[in-house]
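# Topology and contacts: notes
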Amino acid sequence: RAVEDAERVDPARAETHCHLGRLCRALMRFDEARAAQDRALEKEPAYAPARYERAVLAARAYGDRLVQLRESAIQREGARMAQAGMFQSGADQELQLRIPKDEQLEQDDPKAAALRRCLTEDLAALAQEAARADLAEADRLPAAQLACARGLELAYGPEPAALRDQARAGLEEALRADPSLEEAYDALGRIEEAARDWGAVARVFDRGVAVDRGYVPFWRGLGVAHHHLAEDREVRGEDGTAEVAAA
């Protein structure tokens, strides 16, 4: 309703849709968030905050898509190996999964390719805007968000393990400049999830919750972390009740 009222007052204003999209992202309503940022950029194609928000969403969606593609590739390879009898007792073959690299998975998947293209184009546009000497300071995207955007590209991109330290450094740089960037905590948590360091995941999202208790992805991340920490305790023969309760 507030968006409709604001549109009646100033129908060409992108800011309203950008704020709505930001709210939807905080609630993990990512499709609605992306649609809101698209509408903002339709109204003001050079509106940097909406372009940044769309890049944040594209990076996350691209990372999620790569995870799905990797899992599907592993399942297909497992099925192929089972059909070839490679899991049978006494099989004399060395088991080795043949999984395509992320770049090949992306190339073969139109959705992943489109998300990557959107992310690359939005980041390039943000960098170009930042380099403009004639742009007023008030119209510039803050340096912390530019640093965060570069970190997100590394954190969610192909072969994240190879760039994990570089992504971490970029995201921490952004947080030193602006500790309120929820998207940076979220990406740091996802990096640690990929490494299956569940203690580190919990610590990252605890930092995020201390900044913004209303950002739903933090709670999702904490739940996942404590669930796995409980499983790890049980495997070691320890009591995981406290972790289960935290999850």
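Residues numbered from 1 in each chain as written. Predicted model: local features only at pLDDT ≥ 70, side-chain atom pairs only at ≥ 80, totals over all residues. Heavy atoms only, no water.

### Things to note about the overall build of the protein chain
Formally: Only runs of H or I of at least four residues qualify as helices and only runs of E of at least two qualify as strands under DSSP, and these elements are numbered from the N terminus. Accessible area is worked out with a 1.4 Å probe on protein chains only. A residue is then buried under 20% of its type maximum, exposed over 50%, and partly exposed in between. In these tables, accessible area is a Shrake-Rupley quantity obtained with a 1.4 Å probe, and a residue counts as shielded only by the protein chains included in the view.
Secondary structure summary: the protein chain contains 12 helices and zero strands in total. Ordered by position in the sequence, the α and β elements of the protein chain form the string α-α-α-α-α-α-α-α-α-α-α-α. Per-residue burial for the protein chain yields a buried fraction of 42% across its 247 residues. Put simply, the protein chain shows about 13600 Å² of open surface, and 51% of that area lies on carbon and sulfur atoms.

### What to know about the confidence of the model for the protein chain
So the rule is basically this: Per-residue confidence from the predictor is reported as pLDDT, a score between 0 and 100.
Summary statistics for the protein chain give a mean pLDDT of 86 and a share of 88% for residues scoring 70 or more. Taken element by element, the protein chain is modelled with least confidence in helix H1 (residues 2–9), mean pLDDT 63, and with most confidence in helix H10 (residues 198–211), mean pLDDT 96.

### Describing helix H3 (residues 30–43)
Formally: To estimate how far a helix should extend, the number of its residues minus one is multiplied by 1.5 Å. The arc in question is the one traced by the directions running from the helix axis out to the C-beta atoms. Pairs of residues are marked as contacts when any of their non-hydrogen atoms sit within 4.5 Å.
The terminal C-alpha atoms of H3, which comprises 14 residues, lie 20 Å apart, in line with the 20 Å expected from a rise of 1.5 Å per residue. Within the span of H3, buried status applies to Ala33, Ala36, Gln37, Ala40 and Leu41. Taken down its axis, H3 places every buried residue within 135° of arc, on the same side. Turned more than 90 degrees away from the buried face of H3, the exposed residues are Asp31 and Glu42. As for H3, its buried residues are in contact with helix H2 (15–26) and helix H4 (48–83).

### Here's the deal with the nonpolar core
To keep it simple, the criterion reads: In these notes, a set of buried Ala, Val, Leu, Ile, Met, Phe, Trp, Tyr and Cys residues joined through side-chain atoms within 4.5 Å is what counts as a nonpolar core.
The biggest cluster of nonpolar side chains holds 41 residues, and the ones touching the most others in it are Tyr52, Leu126, Cys148, Leu152, Leu171 and Leu181. For this core, the element with the most residues is helix H7 (residues 143–156), which contributes eight residues. Residue contacts for Leu181: discarding those within four places in its chain leaves Tyr52, Ala144, Gln145, Cys148, Ala174 and Leu175.

### Examining the layout of surface pockets
Worth spelling out the cut-off: A 1.4 Å probe that fits but cannot get out identifies a cavity on a 1 Å grid over protein atoms alone, an open set with protein on both sides within 12 Å along at least five of seven lines counts as a pocket, and a residue lines either if it has an atom within 4 Å of a point. Grid points are joined across faces, edges and corners, and a volume is the space filled by probe spheres set on the points. Each residue receives one of three labels: charged for Asp, Glu, Lys and Arg, nonpolar for Ala, Val, Leu, Ile, Met, Phe, Trp, Tyr, Cys and Pro, and polar for the others, Gly being one of them.
In this structure, the largest pocket encloses a volume near 490 Å³. Of all elements in the fold, only H4, H7 and helix H9 (182–194) reach the threshold of two or more residues within the lining of the largest pocket. If one sorts the elements of the lining of the largest pocket by residue count, H4 sits on top with eight residues. Its residues assigned to classes, the lining of the largest pocket shows nine nonpolar, three polar and seven charged. Of the pockets and cavities examined, the second largest pocket occupies roughly 280 Å³. Surrounding the second largest pocket, Phe30, Asp31, Arg34, Leu57, Ala58, Arg60, Ala61, Asp64, Arg65, Gln68, Lys111 and Leu115 form its lining. Mapped onto the lining of the second largest pocket, the elements with two or more residues apiece are H3, H4 and helix H6 (110–130). With seven residues, the top contributor of residues to the lining of the second largest pocket is H4. When grouped by side-chain class, the residues that make up the lining of the second largest pocket number five nonpolar, one polar and six charged.

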